[in-house]
Amino acid sequence: MSPAIKCLILLAVIALFFVTELIPLAITAMAGAIACGLLGLIPAKQVFNGLANSTVVLFAGMFVVGGAMFYTGLAQMVGNHVVRMCGKGENSLMFGLMLVGTCLSSVLSNTGTAACLLPVALGICAAARIPASRQLMPLAFACGWGGIITMVGTPPNIIATGALDAAGLPTFGFFEFAWIGIPVSFAGMLYMMFIGKHLLPKVELDADQEIEQEIEANATSKSKQVISGVILLAVVFVMAIGIPGVTLEMAAVIGALLCVLTGCLSEKQAYSSIDWVTIFLFAGMMPVSSAMDKTGAGKLIAEWTVGLMGGSPSPMIVTAVLFLLSCTLTQFMSNTASAALLCPIGIAISQNLGADPKAVLIAIAVAASCAFATPVGTPPNTLVLGPGGYKFMDYVKAGTGLVIVSFIVSLVVIPMVWPFFPGK
């Protein structure tokens, strides 16, 4: 049996355990990583590389920075102000959070945006007495679709541009992605506010109540609230301007260290602020994603799908099929790997048909950012898993419809902006 087939079988087993949750999600993910090593799909020394991944470090750092905002009471204070401005309605708060998430993630890392907004969102939910599960998933989704708007908003956009450049073809402009990113974002917000919200769970977390009780008990000073707020703003600023030599995870960890050193929270509170389910879930899936790429399992799926289209499919069918394929792969592979795998295939098929490949590549890039249906498809989804008290199927229920909406909007908008046969 080839390594690619072994990897596909393993992925099917992992997906089954994710959906049924017969064992905890984090255990499934870590077991999947170990299985990749035991089956020889990746070198044994790479099985736990996910724990050293920069995104995992970013998660841990921002969990501590967010924890400081809670232990000082700053998150609750910000939440109270927002609630006074927007009211306590779920829709108004959801719209506000999604709008901010969309705008910030269009120019910043969607992971960094979600990490920075998470403590603020939790504070808003506490002030409005709304379960965090009603707001965190829409925020994560907004950080996902917001990245589509500009070339630097998400890696697939950069990869699609690079693929065109490597093929000697005209590339995309910086804001050219906005033609599809803005419609998808607008449709996504409408869907979540009027349909998706009915599919979100209501999870009351005891942990939130324990934190609140500890904050009355501690009677934190105003000075520490100011310090924790300044630290968060400084971290966001550094992430936004991109200081050479200072990565996102470095900024987050420096912020976390400062929170402890300034007394915004104790060392013990810093450790307890980290959501370890999120850490191990994401770290466990990294080797699985790598195995799909290295064994050719992802390529095997792509070739099989392309074969189903026949010899001379219409450009619209190619666009639709590659969108669905990219979207399917990105639910379990990194969006970067999905786009890198499919963009050269999209260019080759388009050229064989005599069509402009821009439409196909836009579809692949957008679909790679539509990882809404699983908690492991994109870091923002994973980040809110623990704080929101979500289960795997919660993402399937709320995210699948959003994927369908994005698919429909893309098939309508893409041919209008990027015609398959320009000038004809």
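Please read these numbers as outputs of a predicted model, since none were measured by experiment.

Draft legend 1. Representation of the overall build of the protein chain. Scanning the protein chain from N- to C-terminus turns up 21 helices and zero strands. Radius of gyration (C-alpha) of the protein chain: 21 Å, near the 22 Å computed for a compact globule of 424 residues. In terms of overall dimensions, the protein chain has C-alpha extents of about 70 × 50 × 45 Å along its principal axes. Evaluated residue by residue, the protein chain yields a buried proportion of 55% over its 424 residues. A separation of at least 24 residues holds for 80% of the contacts in the protein chain among residues at least 6 apart in sequence.

Draft legend 2. Seen up close, the environment of Ile-254. Among the structural elements, Ile-254 can be located in helix α12 (residues 248–261). Sequence separation between Ile-254 and Val-235 is 19 residues, and the spatial gap between their C-alpha atoms is 8.3 Å.

Draft legend 3. Region of the structure containing the nonpolar core. One finds Phe-18, Met-62, Trp-145, Ile-180 and Met-192 to be the most contacted residues of the largest nonpolar core, which totals 138 residues. Among the elements that take part in this core, helix α6 (residues 110–128) stands out by supplying twelve residues, more than any other. Contact partners of Ile-180, with chain neighbours within four places excluded, come to Ile-148, Ile-362, Val-366, Val-409, Ser-410, Val-413, Ile-414 and Trp-418.

Draft legend 4. Inspection of the pattern of salt bridges at higher detail. Applying the stated rule across the entire model yields two salt bridges. Ionic pairing is found between Lys-358 and Glu-176, a salt bridge with its closest N-O pair at 3.5 Å. Placement of the pair is Lys-358 in helix α18 (residues 358–368) and Glu-176 in the loop between α8 (155–166) and α9 (178–194), with a sequence separation of 182 residues.

Draft legend 5. Representation of the state of the cysteines. What the rule picks out here adds up to zero disulfides. Among the cysteines around Cys-343, which has no disulfide bond, Cys-370 carries the closest sulfur, lying 14 Å off. Classification of Cys-343 by relative accessible area gives buried; the value is 1%.

Draft legend 6. Seen up close, a nonpolar patch on the surface. Residues Val-57, Met-250, Val-253, Ile-254, Leu-257, Leu-258 and Leu-261 make up a contiguous nonpolar surface patch of about 600 Å² in total accessible area. Position of Val-253 among the secondary structure elements: in helix α12. By relative accessible area, Val-253 is classed as partly exposed at 31%.

Draft legend 7. The arrangement of unusual backbone geometry in detail. For Arg-129, which is not a glycine, the phi torsion comes out positive at approximately 55°. Residue position: Arg-129 is located in the loop between α6 and α7 (136–146).

Draft legend 8. Seen up close, the side chain of Ser-105. Within the fold, Ser-105 resides in helix α5 (residues 90–105). A relative accessible area of 0% means that Ser-105 is categorised as buried. Of the polar contacts made by the side chain of Ser-105, one reaches the backbone oxygen of Gly-101; its length is 2.7 Å. Polar contacts involving the side chain of Ser-105 include one to the main-chain carbonyl oxygen of Cys-143, which spans 3.3 Å.

Draft legend 9. Here's a closer look at the confidence of the model for the protein chain. The predicted model of the protein chain has a mean per-residue pLDDT of 84, with 94% of residues at 70 or higher. Mean pLDDT across the elements of the protein chain ranges from a minimum in helix α10 (residues 206–218), with 50, to a maximum in α9, with 95.

Draft legend 10. Geometry of the packing of α8 against α18. One way to put it is that α8 packs onto α18 with a least axis distance of 8 Å and a crossing angle of 155°. When the interaxial angle is binned, α8 and α18 end up roughly antiparallel. In this structure, α8 meets α18 at a crossing whose hand is right-handed. Packed against α8, whose contacting residues are Pro-156, Asn-157, Ala-160, Ala-163 and Leu-164, the element α18 presents Lys-358, Leu-361, Ala-365 and Ala-368 at the interface. When grouped by side-chain class, the residues that make up the contact of α8 with α18 number seven nonpolar, one polar and one charged.

Draft legend 11. Up close: the packing of aromatic side chains. All chains considered together, the criterion is met by six aromatic pairs. On the numbers, 6.4 Å between centres and 40° between planes, the contact of Trp-276 with Phe-280 is tilted. Placement of the pair is Trp-276 and Phe-280 together in helix α14 (residues 276–295), with a separation of four residues, close to one helical turn. Here Phe-323 and Phe-407 contribute two aromatic rings whose centre-to-centre distance is 5.3 Å and whose plane-to-plane angle is 55°, an arrangement assigned as tilted. Pair noted here: Phe-323 is in helix α16 (residues 315–330) and Phe-407 is in helix α21 (residues 392–417), with a separation of 84 residues, a long-range link.

Draft legend 12. Expanded view of helix α3 (residues 54–71). The terminal C-alpha atoms of α3, which comprises 18 residues, lie 26 Å apart, in line with the 26 Å expected from a rise of 1.5 Å per residue. Within α3, 15 of the 18 residues are buried, which leaves it mostly tucked inside the rest of the structure.

Draft legend 13. Focus on α5. In this model α5 runs 22 Å from its N-terminal to its C-terminal C-alpha over 16 residues, within 8% of the 22 Å that 1.5 Å per residue would give. Looking only at α5, the buried set comprises Leu-93, Met-94, Leu-97, Met-98, Gly-101, Thr-102 and Ser-105. Down the axis of α5, the smallest arc covering the buried residues is 160°, so these residues share one side.

Reading the values: the criteria
Residues numbered from 1 in each chain as written. Predicted model: local features only at pLDDT ≥ 70, side-chain atom pairs only at ≥ 80, totals over all residues. Heavy atoms only, no water. Helix = DSSP H or I, 4+ residues; strand = E, 2+ residues; numbered from the N terminus. Rg over C-alpha atoms; globule rule 2.2 N^0.38 Å. Buried < 20%, exposed > 50% of the residue type's maximum accessible area, 1.4 Å probe, protein only. Contact = heavy atoms within 4.5 Å. Core = buried A, V, L, I, M, F, W, Y, C linked by side-chain atoms within 4.5 Å. Salt bridge = Lys/Arg side-chain N within 4 Å of Asp/Glu carboxyl O. Disulfide = S-S within 2.5 Å. Patch = residues over 30% accessible without salt bridge, like charges linked within 9 Å, V, L, I, M, F, W, Y side chains within 5 Å. Areas by Shrake-Rupley, 256 points an atom, 1.4 Å probe, with all protein chains shown as cover. Polar contact = N/O pair within 3.5 Å; in protein donor to acceptor, adjacent residues only side chain to side chain. pLDDT = per-residue confidence, 0-100. Axes fitted to C-alpha atoms, helices over the stretch in contact; angles between N-to-C directions. Parallel < 35°, antiparallel > 145°, perpendicular 65-115°, else oblique. Left-handed = near helix turned anticlockwise from the far one by under 90°. Nonpolar A, V, L, I, M, F, W, Y, C, P; charged D, E, K, R; others polar. Phe/Tyr/Trp six-rings, centres within 6.5 Å; stacked < 30°, edge-to-face > 60°. Expected span 1.5 Å × (residues − 1). Arc of directions from axis to C-beta.

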